[in-house]
Each structure stands twice: as C-alpha cells, then as structure tokens.
Amino acid sequence: MSENVSSLLYIVAGVLFIMALRGLSHPTTSRQGNLYGMIGMALAVLTTLIGHPPAGAAAWVIVLLGLAIGGGAGAVIAKRVPMTAMPQLVAAFHSLVGLAAVAVAAGALYAPQAFGIIENGHFHKQSLFEMGLGVAIGAITFTGSVIAFAKLDGRMSGKPIMLPQRHLINALLAAALVVLLALFIGTESKFLFWLIVILSLVLGGLIIIPIGGADMPVVVSMLNSYSGWAAAGIGFTLGNLALIITGALVGSSGAILSYIMCHAMNRSFISVILGGFGGDAAAAAGGGQVETRPVKQGSADDAAYIMKNAERVIIVPGYGMAVAQAQHSLREMADLLKKEGVDVKYAIHPVAGRMPGHMNVLLAEANVPYDEVFELEDINGEFPQADVAFVIGANDVTNPAAKTDKASPIYGMPILDVEKAKTVLFIKRGMGSGYAGVENEVFFRDNTMMLFGDAKKVVDSILKNL
Ligand code: NAP
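Residues numbered from 1 in each chain as written. Predicted model: local features only at pLDDT ≥ 70, side-chain atom pairs only at ≥ 80, totals over all residues. Heavy atoms only, no water.

- As annotated in an unreviewed UniProt entry, the protein chain is NAD(P) transhydrogenase subunit beta from Methylobacterium gregans.
- The UniProt entry for the protein chain carries the following text under Subunit (unreviewed entry): "Complex of an alpha and a beta chain; in Rhodospirillum, the alpha chain seems to be made of two subunits."
- UniProt, in its Catalytic activity (unreviewed entry) section for the protein chain, records the words "NAD(+) + NADPH + H(+)(in) = NADH + NADP(+) + H(+)(out)". (UniProt positions renumbered as here; feature names shortened; annotations may be inferred.)

In structure tokens, the structure reads:
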C-alpha cells in the first residue's frame, strides 16, 4: 500500500473517530457513535498492518497473538466489569496507554533504523524531542493512573496523602525534567532517557497521591487527556498519522471533559493540571462525628401514598441506585405514577454516581425516555414546584452544605435543590455519608422522610403498594 493511500485511510479513520465523539455526546446517538469508533479503529489497525506488514511469519504470529491476547482480555474484562467499577477500569486502561508510550519510545531509541529516525549515526533532533516528551507524559500517566486505580478500587486509602512542600517538590521535578529533556536531545544518551522515565514515574505518583476522593472524577478524565497526548507523542515518533489524530482527539476531549467536570464541581482547572488540589478540603472531610439527631422515617406504603397523590415528582438518582441496580424497578414505578397522571422527571447531576454520564447510561439501559431526563441547570428551578423529590441512592449531589459551608470539601459544587420540594423522600440504607464523607442536612429537615433499605428492595415494595 502506498504512503498516500495509507494516509488517506488514516484520515478516514480520523473522521470516523470524530463522528464517534459526536455520536457519544447524546444518548440517542451513542450506539451509532460507538459503531463509528469501532469501524475507525478496525480501519486504522488494518491500514497499519497492510501498510507496514510485520517482517516474516514469526512477526505476524507475534502481532496476531498480541491482538488476540490484548483484545480477548479487554473483551472479557469489559463484559464482566460492573458499571460501578468502570472508573477504576478506565484508570487501569489509561495506565496501559502510558506504559505503551514508554515501550514504543524505548523501542525507537534502541532500534532507530526501524523507525527511520536516524541518519549518519545521529538521531533527528525532532525525533529525540518527541520521544523524550512522549516518554515523560507516558510515564507520568502510568504511575498516576495506577494510583488513581488503587484509590478508586479501594486498594489504597482514598484519603489525600500530603507531603510537606509538595508543590515545591513537583515544580523542581518538572524543572529537572525540562533540563534532562534538553540534555537528552543534545547527547542522545540512553542513561538520560531512563532518568527521564524514572523522574516522570515519580512525578506521576506525586501528582495524584494528594488528591482526595471527592475530586477523583476530574483526575480520571485528566489522566485520560494525558494518555491521549502521550499517544500523539508516539504518533510523531512513528510518523503515524492515525495515532497523532487519535491521540490529539483523546487529549483534547479529555481536557474538555476535565474542564466541564471542574466547572460542575466548582474547582479550578489549572490547579487540577498541576496536581494536588482539593486535598486540603477533602482531608477535613469524614471527621467521623456520630450523628444523633432524630430523622423522620417512613415506609414504602407512605411513599406510595404520597407519590400517588402528587402532581409533580422529580427523581434524583445517585451512586446507590447503581449499586442496587434499581433502575429497572424505578422505571416501572415511574410508569405506574405516570398512569396515575403524575408528572415524572429525572434530575441528573453532572457528577452523580462514579463517572460522568453514569446515571444517563443506567436510565437509558432501563429504557427511561430521554425527554424525561434533565440536566441540573435545566431542572433545578423546578424543585420549588415539585410535590416530591425522590432521592434514590444520591447524597453529596443534594447536600446544601455545598452552598453554605465554606469548610466543606464540596463547597461551591452546584447541587440539586431537592430540599425546596414539598416533600423529600430519601432512599438509602442508613445514615452513612456519601463519597465526600460529609453529613447531609437534608436528612434532618421537617419536609424529609427517610426510607431506609436497599434502593431496589425499597422501590420494589413501593411498586407493590402502588
Ligand atoms: P454519594 O454521595 O456517594 O451517595 C451515595 C449514597 O448511596 C450513599 O450515601 C449511600 O448511603 C447510598 N447507597 C449506597 N448503596 C446503596 C444501596 N444499595 N441502596 C440504597 N442506597 C445506597 O453519591 P452521589 O450523590 O451520586 O454523588 C456522587 C459523589 O461521587 C460525589 O461526591 C462525586 O464528586 C463523587 N464522584 C463522582 C464521579 C463522577 O464522575 N460522577 C466519580 C467519582 C466520584 P448508605 O450507605 O446509607 O446506603
């Protein structure tokens, strides 16, 4: 295949990736978007294999084995992983992208003739720059993602680990990396290359350890962005257009997603990029005071009665709905209420659950009509007119402390104003706090009724009572 044809096919793959992103931006088109992405990726892989065929049968076997083992493992993991564990899976996958960037850069350094980046015994300066930068971003992404994975998966405490002078240490490490990069380009030294790898691995870990649990979603999407830039860096080293386009798409969309999430959580984007944000506040969380104030408790029967007689019900799903897999029962409950003439809407907070779009995916899976699902800014004004706010397994995203308590780790995060509804029905198993570890005042309000139990079981018994 000529270079021109493969470039053209890579551009077609790039366009398919852009169409995939576009499709994924709305639930109604997301399946189609996924399909475009899969076709684009298949085209890119085939073009690479045909355009630069592996030399000899043994090389083909290695490539095909790699595809089978990697693809097989990916398929099995993706099939098995519960929705609630998706953020840590994404973090784990990002770590592999980072590691791949390091491996490819090392491959290019040790076999430059295979990559056409050496002439008269000397590397092209530009290739050294791309290699050095790609390997640094890749190594940072690798350790950063491994730590994000360990924190999200509960293998390491989610609490921030604050080193003294951490900003100074990070700044010095970053400055050292710039100097090493310049020296590496000048000397082509393999020792310096590995020193860049080691410093970057350390920096990746240091950037992530001070970040507290409540801020993790932004970290995962930021690492997503880093992994894209690492891939784009390798793309330049390999002279591979598809990789440059894909890497840039992942890098920029990850950065845009991080920005949107920072906005949703009222955090500063720059402080996230530099690492070590939110830690101080999150450290203050989970102080562990045992709450003894009384709450009003109700039964499924009470909830059914209240909602049947309501005109407007707004359902606010959260992480607990995902854990209990209550979305199907919830939709059945909403269907019954609608038959009774109740106006039912769903309010989705941008960081409800454990990853962006978590709630949308679950509701779509349960065939909840898209036109009943509203984003925070579109529905928040409707709570004062609602008879019932039906909060199912959500907590932090309804906590008014975000509006009033400057010391709270979630201060400044926009929240769903459930307490403004006439009655708030709160389904959760007990008085436990949410992800950010803060008490929720709404539990103790006069217009709140707590319905204790597993979200699915409670909704199922409301259904029976309806
Ligand atoms: P949340 O604040 O973590 O609250 C979830 C609540 O669900 C808990 O208080 C828990 O209370 C209850 N629960 C758990 N299992 C349950 C079950 N089986 N049945 C009924 N209730 C159950 O969740 P959220 O309101 O969705 O807020 C999301 C939080 O996660 C935010 O702090 C956000 O920053 C963070 N986060 C979001 C993302 C993202 O991208 N969306 C990613 C990572 C972190 P009990 O224990 O008393 O049952």
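Observations concerning the pattern of salt bridges
Right, so step 1: Scanning the entire structure with this criterion turns up eleven salt bridges.
Right, so step 2: The closest approach of N and O atoms between K403 and D417, which form a salt bridge, is 2.8 Å. One end of the pair, K403, is in helix α18 (residues 401-404); the other, D417, is in the loop between α18 and β7 (423-428), and 14 residues separate them in sequence.
Right, so step 3: Residue classification places D417 among the buried positions, given a relative accessible area of 10%.
Right, so step 4: Here E419 and K403 are joined by a salt bridge, their closest N and O atoms 3.1 Å apart. You can see E419 sitting in the loop between α18 and β7 and its partner K403 sitting in helix α18, a full 16 residues away along the chain.
Right, so step 5: Note on E419: relative accessible area 13%, which makes it buried.
Right, so step 6: The structure contains a network of salt bridges with shared partners spanning R331, D335, K338 and E372. (Salt bridge = Lys/Arg side-chain N within 4 Å of Asp/Glu carboxyl O. Helix = DSSP H or I, 4+ residues; strand = E, 2+ residues; numbered from the N terminus. Buried < 20%, exposed > 50% of the residue type's maximum accessible area, 1.4 Å probe, protein only.)

Structural notes on the packing of helix α6 (residues 125-152) against helix α9 (residues 216-238)
Right, so step 1: Running from amino to carboxyl end, α6 crosses α9 at an angle of 155 degrees, the nearest separation of the two axes being 8 Å. In this view, α6 runs roughly antiparallel relative to α9, as classed from their interaxial angle. As for the relative orientation of α6 and α9, their crossing is left-handed in sense. Taken together, the residues of α9 that come into contact with α6 (itself represented by E130, M131, G134, I137, G138, I140, T141, G144, S145, A148, K151 and L152) are M216, V219, V220, L223, Y226, S227, W229, A230, G233, F236 and T237.
Right, so step 2: Residue composition of the contact of α6 with α9, by class: 13 nonpolar, eight polar and two charged. (Axes fitted to C-alpha atoms, helices over the stretch in contact; angles between N-to-C directions. Parallel < 35°, antiparallel > 145°, perpendicular 65-115°, else oblique. Left-handed = near helix turned anticlockwise from the far one by under 90°. Contact = heavy atoms within 4.5 Å. Nonpolar A, V, L, I, M, F, W, Y, C, P; charged D, E, K, R; others polar.)

Describing the site of the ligand
Right, so step 1: Surveying the vicinity of the ligand reveals 29 residues, the closest of which are G353, R354, N395, D396 and R429.
Right, so step 2: R429 is positioned with one of its side-chain polar atoms (N or O) 2.7 Å from an oxygen atom of the ligand.
Right, so step 3: Interatomic distance of 3.0 Å between a backbone N/O atom of Y435 and an oxygen atom of the ligand.
Right, so step 4: Contact with the protein chains hides 95% of the accessible area of the ligand, taken as 920 Å² for the molecule alone. (Near = heavy atom within 4 Å. Polar contact = N/O pair within 3.5 Å; in protein donor to acceptor, adjacent residues only side chain to side chain. Areas by Shrake-Rupley, 256 points an atom, 1.4 Å probe, with all protein chains shown as cover.)

Things to note about the nonpolar core
Right, so step 1: In terms of nonpolar packing, the biggest core is built from 71 residues, with I315, M333, F390, I392 and I462 touching the most fellow members.
Right, so step 2: Two domains each donate at least three residues to this core, and these are domain 2 (86-283) and domain 3 (300-465).
Right, so step 3: With residues up to four places along the chain from it excluded, the contact list for M333 reads M307, I315, F390, V459, I462, L463 and L466.
Right, so step 4: Residues I117, V135, I185 and F193 belong to the second largest nonpolar core, which totals 40 residues. (Core = buried A, V, L, I, M, F, W, Y, C linked by side-chain atoms within 4.5 Å. Domains from an automatic or database assignment.)

A word on unusual backbone geometry
Right, so step 1: One non-glycine residue, N120, lies in the positive phi region at around 50 degrees.
Right, so step 2: By the secondary structure assignment, N120 is in the loop between β1 (118-119) and β2 (122-123).
Right, so step 3: Taking the relative accessible area as the measure of exposure, N120 reaches 75% and is therefore exposed.
Right, so step 4: Positioned with a positive phi, Q325 is a non-glycine residue whose angle comes to about 55 degrees.
Right, so step 5: Of note, Q325 is situated in the loop between α14 (319-324) and α15 (327-339).

A look at the pairing of strand β3 (residues 312-317)
Right, so step 1: The buried fraction of β3 is high, at five of six residues.
Right, so step 2: One ladder, built from four bridges, connects β3 with strand β4 (residues 343-348); its direction is parallel. Bridge pairing in β4 places I315 opposite Y346.
Right, so step 3: Where β3 lies against strand β6 (residues 388-392), five bridges are found, and the strand directions are parallel. Bridged to I315 within β6 is F390. (Pairing = 2+ DSSP bridges.)

Digging into the packing of helix α7 (residues 166-187) against helix α8 (residues 190-208)
Right, so step 1: Two elements in contact, α7 and α8, have axes separated by 10 Å at closest approach and are oriented at 160 degrees. Taken together, the axes of α7 and α8 lie roughly antiparallel to each other. In this structure, α7 crosses over α8, and the sense of that crossing is left-handed. Residues I169, N170, L173, A176, L177, L180, L181, L183, F184 and T187 of α7 pack against L192, F193, L195, I196, L199, S200, V202, L203, L206 and I207 of α8.
Right, so step 2: When the residues that make up the contact of α7 with α8 are grouped by side-chain class, the tally is 17 nonpolar, three polar and no charged.

Remarks on the packing of aromatic side chains
Right, so step 1: On inspection of all chains with the given rule, the structure shows four aromatic pairs.
Right, so step 2: Considering the side-chain rings of F193 and W194, the 5.0 Å spacing of their centres and the 90 degrees angle between planes classify their relative orientation as edge-to-face.
Right, so step 3: By relative accessible area, W194 is classed as partly exposed at 33%.
Right, so step 4: Here the aromatic rings of F443 and F444 are separated by 6.2 Å at their centres, their planes lie at 55 degrees, and the arrangement is tilted. Here the two residues F443 and F444 agree in accessibility, since each one is buried.
Right, so step 5: Three or more aromatic residues link up through ring pairs in this structure, and these residues are F184, F193 and W194.
Right, so step 6: For the cation-ring pair, K190 lies above Y110, with the distance from its terminal atom to the ring centre recorded as 5.2 Å.
Right, so step 7: The ring of F444 is capped by R293, whose NZ or CZ atom sits 4.0 Å from the centre of that ring. (Phe/Tyr/Trp six-rings, centres within 6.5 Å; stacked < 30°, edge-to-face > 60°. Lys NZ or Arg CZ within 6 Å of the ring centre and 35° of its normal.)

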